[in-house]
Amino acid sequence: MPKRGAVDPGEMREAVTAVREWLDDAERRPTRPEMAKAVRLSLRTLEQIAPGNSVEVRVPPFAAVQCVEGPRHTRGTPPNVVETDPRTWLLLATGRLTWAEAVEGGLLTASGSRSDVSQWLPIVRVEQG
């Protein structure tokens, strides 16, 4: 599979800013395409800044990426997996929620010794509206 092109930081920031009201207030849900774009571009940015194949970060139903240097995973369920919902991912990606808060609150699952991707967060700062 060919490597995807680099994510434009401005495009990613714009996509995440478009869902800022939802990050401020869970009741102000964006459209599905807006949500999908923000999640996909921010995950692809993580993939770029933490290249590798030892951790799979999943944000269903929109995307999953492999990142972080280390042993390459090739078959079955990866040993290092992070999974969360779109809003939690975007809160993490924008620094509005810390990794520790998400883990303690049960907002994500992280399995495997390499699954903590907090050193690469936040990906983009988007101030509250």
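For the structure, check the block above.
Residues numbered from 1 in each chain as written. Predicted model: local features only at pLDDT ≥ 70, side-chain atom pairs only at ≥ 80, totals over all residues. Heavy atoms only, no water.

**A short note on the packing of helix H1 (residues 9–17) against helix H3 (residues 32–49)**
Here is step 1 of the chain: Between H1 and H3, the least distance of the axes is 8 Å, while the angle of their chain directions is 140 degrees. Here H1 is positioned oblique relative to H3, judged by the angle of their axes. For the crossing formed where H1 meets H3, the hand is left-handed. Only Lys-37, Ala-38, Leu-41, Ser-42 and Thr-45 of H3 make contact with H1, whose side of the interface consists of Glu-11, Met-12, Ala-15 and Val-16. (Axes fitted to C-alpha atoms, helices over the stretch in contact; angles between N-to-C directions. Helix = DSSP H or I, 4+ residues; strand = E, 2+ residues; numbered from the N terminus. Parallel < 35°, antiparallel > 145°, perpendicular 65-115°, else oblique. Left-handed = near helix turned anticlockwise from the far one by under 90°. Contact = heavy atoms within 4.5 Å.)

**With respect to unusual backbone geometry**
Here is step 1 of the chain: A cis amide bond, omega 5 degrees, links Pro-60 with the succeeding residue Pro-61.
Here is step 2 of the chain: Secondary-structure assignment places Pro-61 in the loop between strand S1 (55–59) and strand S2 (63–67).
Here is step 3 of the chain: Along the chain, Leu-121 connects to Pro-122 via a cis peptide bond; the corresponding omega equals -5 degrees.
Here is step 4 of the chain: Along the chain, the position of Pro-122 falls in the segment after strand S4 (108–111).

**Observations concerning the pattern of salt bridges**
Here is step 1 of the chain: The full count for this structure, using the stated rule, is 5 salt bridges.
Here is step 2 of the chain: Among the salt bridges present, the one from Glu-11 reaches Lys-37, with a minimum N-O distance of 3.9 Å. Here Lys-37 lies in helix H3 and Glu-11 lies in helix H1, a separation of 26 residues in the sequence.
Here is step 3 of the chain: The residue Glu-83 makes a salt bridge to Arg-58 at a minimum N-O spacing of 3.7 Å. One end of the pair, Glu-83, is in strand S3 (residues 81–84); the other, Arg-58, is in strand S1, with 25 residues separating them in the sequence.
Here is step 4 of the chain: Take Arg-58: its relative accessible area is 23%, and that puts it in the partly exposed class.
Here is step 5 of the chain: Taken together, the salt bridges that share partners define one network made up of Glu-56, Arg-58 and Glu-83. (Salt bridge = Lys/Arg side-chain N within 4 Å of Asp/Glu carboxyl O. Buried < 20%, exposed > 50% of the residue type's maximum accessible area, 1.4 Å probe, protein only.)

**Describing the side chain of Ser-54**
Here is step 1 of the chain: Inspection of the secondary structure puts Ser-54 in the loop between H3 and S1.
Here is step 2 of the chain: Only 3.3 Å separates the side chain of Ser-54 from the backbone oxygen of Glu-69, close enough to count as a polar contact.
Here is step 3 of the chain: For Ser-54, the residues in contact, after removing those within four places along its chain, are Cys-67, Val-68, Glu-69, Gly-70, Pro-71, Asn-80 and Arg-114. (Polar contact = N/O pair within 3.5 Å; in protein donor to acceptor, adjacent residues only side chain to side chain.)

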